[in-house]
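# A closer look at the structure
Residue strings, one per chain:
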Amino acid sequence: MTIVQAIVLGLVQGLTEFIPVSSTGHLRVIPDLLGWGDPGAAASAVIQLGTLLAVLIYFFRDIVNLTTAFFRGIVSRKPLADQESRLAWLIILGTIPIGIFGLTFKDFIETRARNLWIVAFALIAIAILLMIAEAYARRRESKEMEEITVMDTVIIGFGQALALIPGMSRSGSTIMTGLFRKLNHRAAARFSFLLSIPAIGASGVFELLAEWDHLADLGWVPMFVAIFFAFLSGWASIWFLLRFLEKHTTHVFAWYRIALGLLIMGLLLAGTVQPY
């Protein structure tokens, strides 16, 4: 991996991790279009550590409050005594599905699931579901993040697990399921960001340890460069999306996903890119 490739991959990862257009899908497609080849699932997961740092810094105060409340609840033997402690437990609960499915289907996710046909269909499928979720949410009274229930969390957690398939999008699937559970746009996005912390952190560290030799072959300097640029663009994308969703829907992202999915299909049919 060259420094230029690292910068591009880092920017792509950060810009698309939190905006609902699929970071893994873009990291799978763009290197192919540029003739670089697939950097691999392990490299993608480690580059995500940059976006993890971005969300940790952006939501630093929330994270400190949630962590403090979590341990305070354990010490006092009242784990659900206040809203922040309850939210911390909900985030843990919502992370369980992606952990189970990630470990169970690890080989499939890192190999056959990276087929560009799957990426293209996944981009379009979540786009359609996002549009349906928007129509559903518009006809119902929305909820704030403080009103999230255990059932909401379980369903959003399973939505996050969909993102294990490249093209699905972690933010897209969690925001989509959040809208189906009547959360307003900002609450759905904010909960999605907080829910991403353990998932991104665990996958990044796991791949870092498991694929150490492969990542060393790619080069540690380029990897750190990619992580740094993923951090910068990831912070910017969080800032942008939270403000964008205060006044707009996710329709523009859904249409973008459809256009990208159709473009990939066209390139595959033309033989410009290969499925693997």
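Counting from 1, residues in each chain are numbered in the order their sequence is written. Local features in this predicted model are restricted to residues whose pLDDT is 70 or higher, and side-chain atom pairs enter the listing and the counts only when it is 80 or higher, whereas totals over whole chains, interfaces and linings include all residues. No hydrogens and no water enter the side-chain calculation; it runs on all heavy atoms of the structure.

A patch consists of residues whose relative accessible area exceeds 30% and which take part in no salt bridge; residues with like charges are grouped when within 9 Å of each other, and nonpolar side chains (Val, Leu, Ile, Met, Phe, Trp, Tyr) when within 5 Å. Where accessible areas are quoted, they stem from the Shrake-Rupley method and a 1.4 Å probe; at the residue level, only the protein chains shown are allowed to cover. We define a salt bridge as a side-chain nitrogen of Lys or Arg found within 4 Å of a carboxyl oxygen belonging to Asp or Glu. Two residue types count as positive, namely Lys and Arg, and two as negative, namely Asp and Glu; His and chain ends fall outside the count. Where a charge lies is defined by one atom per residue type, namely NZ (Lys), CZ (Arg), CG (Asp) and CD (Glu). A surface patch of like charges, here negative, comprises E141, E144, E146 and E147. By the criteria applied, helices consist of DSSP H or I runs no shorter than four residues and strands consist of E runs no shorter than two, each listed in order from the N terminus. Within the secondary structure layout, E141 lies in the loop between α7 (116-138) and α8 (150-162). Only protein chains enter the area calculation, which uses a 1.4 Å probe; residues under 20% of their type maximum are buried, those over 50% are exposed, and those in between are partly exposed. According to the relative accessible area criterion, E141 is exposed, its value standing at 72%.

Roughly 660 Å³ of volume is contained in the largest pocket. In terms of lining, the largest pocket is formed by 31 residues, of which the most central are Q48, I98, L164, A199 and S203. At the level of secondary structure, the elements contributing two or more residues to the lining of the largest pocket comprise α1 (3-17), α2 (23-33), α3 (41-58), α5 (83-104), α6 (106-110), α9 (170-180) and α10 (185-210). Of all the elements, α10 adds the most residues to the lining of the largest pocket, at 7 residues. Under the scheme applied, nonpolar residues are Ala, Val, Leu, Ile, Met, Phe, Trp, Tyr, Cys and Pro; charged residues are Asp, Glu, Lys and Arg; polar residues are all the others, including Gly. Residues belonging to the lining of the largest pocket are distributed by class as follows: 13 nonpolar, 12 polar and 6 charged. With a 1 Å grid spanning the protein atoms alone, the term cavity applies to any set of points in which a 1.4 Å probe fits but cannot get out, the term pocket to an open set with protein on both sides within 12 Å along at least five of seven lines, and the term lining residue to any residue with an atom within 4 Å of a point. Grid points are joined across faces, edges and corners, and a volume is the space filled by probe spheres set on the points. Considering only enclosed or pocket space, the second largest pocket measures out at about 210 Å³ in volume. Forming the walls of the second largest pocket are I63, L66, T67, F70, F71, A88, I91, I92, L194, I197 and P198. Elements that contribute at least two residues to the lining of the second largest pocket include exactly α4 (60-76), α5 and α10. Sorting elements by how many residues they give to the lining of the second largest pocket places α4 first, with 5 residues.

Now for the side chain of T250. Among the structural elements, T250 can be located in the loop between α12 (220-244) and α13 (251-270). Any pair of N or O atoms that falls within 3.5 Å is considered a polar contact. Within protein, one atom must be able to donate a hydrogen and the other to accept it, and sequence-neighbouring residues count only if both atoms are side-chain atoms. At 2.7 Å, the side chain of T250 forms a polar contact with the side chain of E134. Here a residue-residue contact requires only that any non-hydrogen atoms of the pair lie within 4.5 Å. Beyond its immediate chain neighbours, meaning those up to four positions away, T250 contacts L130, E134, I175, H185 and L245.

This part takes up the environment of E17. Assignment of secondary structure puts E17 in helix α1. With 154 residues separating them in the primary sequence, E17 and S171 have C-alpha atoms 7.0 Å apart. Filtering out sequence-adjacent residues up to four positions away, E17 remains in contact with S23, Q48, T51, R170, S171 and I200. A polar contact of 3.0 Å, which involves the side chain of E17, links it to the side chain of S23.

In this section: the packing of aromatic side chains. In this analysis, rings of Phe, Tyr and Trp, with Trp reduced to its six-membered ring, are considered paired at centre separations within 6.5 Å, and the interplanar angle assigns stacked below 30 degrees, edge-to-face beyond 60, and tilted for intermediate values. Summed over all chains, the structure comprises 14 aromatic pairs. On the basis of an interplanar angle of 45 degrees and a centroid distance of 4.9 Å, the ring pair of F70 and W89 is categorised as tilted. Placement of F70 in helix α4 and of W89 in helix α5 is noted, with a sequence separation of 19 residues between them. Under the relative-accessibility criterion, W89 is labelled partly exposed at 32%. Ring plane angle 85 degrees and centroid distance 5.5 Å describe the contact between F228 and F229, whose orientation is recorded as edge-to-face.

Moving on to the pattern of salt bridges. In this structure the tally under the stated criterion is 7 salt bridges. The partner of D32 in a salt bridge is R28, and the shortest N-O contact between them spans 3.4 Å. Note that D32 and R28 are positioned in helix α2 at a spacing of 4 residues, about one turn of the helix. Put simply, D152 and R181 hold a salt bridge, and the shortest N to O gap is 2.6 Å. With D152 in helix α8 and R181 in the loop between α9 and α10, this pair connects stretches of sequence that are 29 residues apart. Assessed through its relative accessible area of 0%, D152 is described here as buried. The partly exposed category is assigned to R181, whose relative accessible area is 26%.

What follows is about the environment of R86. Here R86 shows up in helix α5. In this structure R86 comes out as partly exposed when scored by relative accessible area, which is 25%. Through-space distance from the C-alpha of R86 to that of S237 is 27 Å; in sequence the pair is 151 residues apart. Ignoring sequence-local partners within four residues, the contact set of R86 consists of P79, L80, E146, I148 and T149. Side-chain polar atoms of R86 contact the backbone oxygen of I148, separated by 2.6 Å.

Any helix carries an expected span of 1.5 Å times its number of residues minus one. Over its 15 residues, α1 runs 21 Å from end to end, which matches the ideal 21 Å to within 8%, given 1.5 Å per residue. Along α1, the residues that are buried comprise Q5, A6, L9, G10, V12, Q13, G14, T16 and E17.

Below, the discussion takes up the side chain of R170. Residue position: R170 is located in helix α9. Side chain to side chain, R170 and E17 meet in a polar contact 3.3 Å long. Not counting residues up to four positions away in its chain, the partners in contact with R170 are E17, F18, Q160, A163, S192, S196 and I200.

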